[in-house]
Structures are given as structure tokens and as C-alpha cells.
Amino acid sequence: MQINSEVPFIPDSRLETSALELLDQYQQEIEPVHAPPVPVEKIADFLLELGLEWLEIPDSDEDQILAYLVPASKTIRLNERRLDLFEQYPGLYEFTLAHEIGHYRLHIRPTDIDSDQTFIYRHKQTIKDRREWQAERFASYLLMPGSLLQPALESVDLTSWPALYRLRDQFQVSITALKVRLEELGRLY
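*Asks:* What's the story with the nonpolar core in this structure? I'm lost.
*Replies:* Within the largest apolar cluster, 49 residues are counted, with the highest numbers of intra-cluster contacts made by Ile43, Ile101 and Leu142. If we ignore the near neighbours within four places in the chain, the residues touching isoleucine 43 are Leu22, Leu23, Tyr26, Val38, Leu48, Ile101 and Leu142.

This is the structure:
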């Protein structure tokens with residue numbers, strides 16, 4: 001998969017810091033988060049005042065669109081045509097919301113609020129815009145912050161698929177997102 005290099009690079013450390021600052025802001029202004037899952041829907045709604053809207057978004061099986069962000073109306077639009085994917089893959093809904101929140105935090109400028117620009121999250125892509133990669137990393141850090149993930153790993157056999165699926169359910173993320181995050185932490189190979 002190629003990354004579009006025309007978009008400015010944001011280092012992983014800054015992506016993680018941005019996600020953790022948002023989570024901290026939520027905890028200070030709304031409610032503490034002592035255990036997973038991170039309430040991503042509440043972060044979107046109550047903290048960022050992003051509306052969630054379900055509608056049919058034209059796409060194809062080869063070029064699936066799960067959701068996109070409309071900055072002008074502060075709305076995350078989710079594709080009703082892909083409800084089967086959200087139901088089939090636990091954690092995909094939460095990751096998609098966190099991904100769109102990532103776009104909102106990382107890529108929206110005040111001038112975007114007055115434009116018709118949208119950010120589209122495609123489920124399958126061969127060429128990935130760097131913004132998409134950044135939003136995915138942001139989502140991972142938001143949903144699985146080290147402060148919640150590290151303690152949850154203490155008594156878990158990471159060589160056991162049932163244990164990994166229990167962690168997935170606990171954090172309400174996809175098994176793929178969990179696997180990538182654990183690999184990044186050097187806990188899974």
C-alpha cells in the first residue's frame with residue numbers, strides 16, 4: 001500500500017499525544033474513564049459536538065465507504081449500506097468513529113468549516129492518503145491508550161486466541177486493530 005506523500009507528515013508520538021490529550025479533555029470535562037472501553041461515541045457527541053448520521057452512501061464492494069466527515073456541519077456520516085460489516089466485525093463501528101474523530105482533530109482547519117470538503121474513510125484501498133494512515137493511528141491510540149491497555153495485558157496469555165478476542169471485546173476494537181497495537185508495543189509478534 002502506498003502513502004500519499006503530499007500530506008504533511010505527523011510523527012507517531014504527536015498522533016498519540018493528540019489522542020491522549022483528547023481523552024484527558026473528555027475525562028476532565030465529562031467523566032473519568034477508569035477501564036475500557038473508551039466511550040468514543042460520547043467523545044464525538046458530548047465533547048466534540050459531532051453529530052452522527054446514518055444514510056446510504058453510494059459505494060461498491062470494491063470501493064467500500066464506511067463513513068466520512070463533513071466539517072461544515074460537524075457530522076460523521078455512517079453508511080447504512082455497510083451495517084452488515086459493522087455487525088459482522090466487532091469494534092469496527094468504534095474504530096470508524098475514532099478514525100473520523102482523528103480527521104477532525106488532525107486535519108480540519110477553521111477554513112474547512114466553511115467549505116464542502118469531506119474526509120472519506122474507505123474500507124479497502126490500494127493507495128492510502130497519509131491522512132488516512134494518520135487517522136487510523138490516532139484511532140488506535142484513542143481506543144487503546146497505554147494507561148488502560150498495559151494493565152489489561154498483565155494477566156493475559158497473548159498466545160491464546162480466546163484471550164485476544166476477550167481483549168478485543170473489552171476494548172471494543174477489531175481484532176486487527178488490537179493485533180497492530182500489541183505488535184507496536186512489542187507484546188505480539
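The structure having been displayed, the exposition proceeds.
*Asks:* Help me understand unusual backbone geometry, please; the structure alone is not making it clear to me.
*Replies:* Backbone phi values are negative for most residues with the exception of glycine, while trans is the configuration of most peptide bonds. Following proline 36, the chain continues into proline 37 via a peptide bond in cis, with omega recorded as 5°. Locating proline 37 in the fold gives a position in the loop between helix 1 (12–29) and helix 2 (40–47). The backbone of lysine 74 sits at a positive phi, close to 50°, despite the residue not being glycine. When you line up the elements, lysine 74 lands in the loop between strand 3 (65–70) and strand 4 (75–79). Not every positive phi belongs to a glycine, and glutamine 172 is a case in point at roughly 55°. Within the secondary structure, glutamine 172 is located in the loop between helix 8 (161–171) and helix 9 (175–184). Using a relative accessible area of 34% as the deciding quantity, one classes glutamine 172 as partly exposed.

*Asks:* What is the right way to read the packing of helix 1 against helix 6 (residues 130–143) from this model?
*Replies:* Helix packing geometry: the angle between the two helix axes and the distance between the axes. Following both chains from N to C, one finds helix 1 and helix 6 inclined at 50°, their axes separated by 8 Å at the closest point. Accordingly, the angle class assigned to the pair helix 1 and helix 6 is oblique. Considering only the axes of helix 1 and helix 6, their crossing is right-handed. Only Trp133, Gln134, Arg137, Phe138, Tyr141 and Leu142 of helix 6 make contact with helix 1, whose side of the interface consists of Asp12, Leu15, Glu16, Ser18, Ala19, Leu20, Leu22 and Leu23. Tallied by class, the residues present in the contact of helix 1 with helix 6 amount to nine nonpolar, two polar and three charged.

About the thresholds
Residues numbered from 1 in each chain as written. Predicted model: local features only at pLDDT ≥ 70, side-chain atom pairs only at ≥ 80, totals over all residues. Heavy atoms only, no water. Core = buried A, V, L, I, M, F, W, Y, C linked by side-chain atoms within 4.5 Å. Buried < 20%, exposed > 50% of the residue type's maximum accessible area, 1.4 Å probe, protein only. Contact = heavy atoms within 4.5 Å. Helix = DSSP H or I, 4+ residues; strand = E, 2+ residues; numbered from the N terminus. Axes fitted to C-alpha atoms, helices over the stretch in contact; angles between N-to-C directions. Parallel < 35°, antiparallel > 145°, perpendicular 65-115°, else oblique. Left-handed = near helix turned anticlockwise from the far one by under 90°. Nonpolar A, V, L, I, M, F, W, Y, C, P; charged D, E, K, R; others polar.

Purely spatial values, then, with no claim about function.
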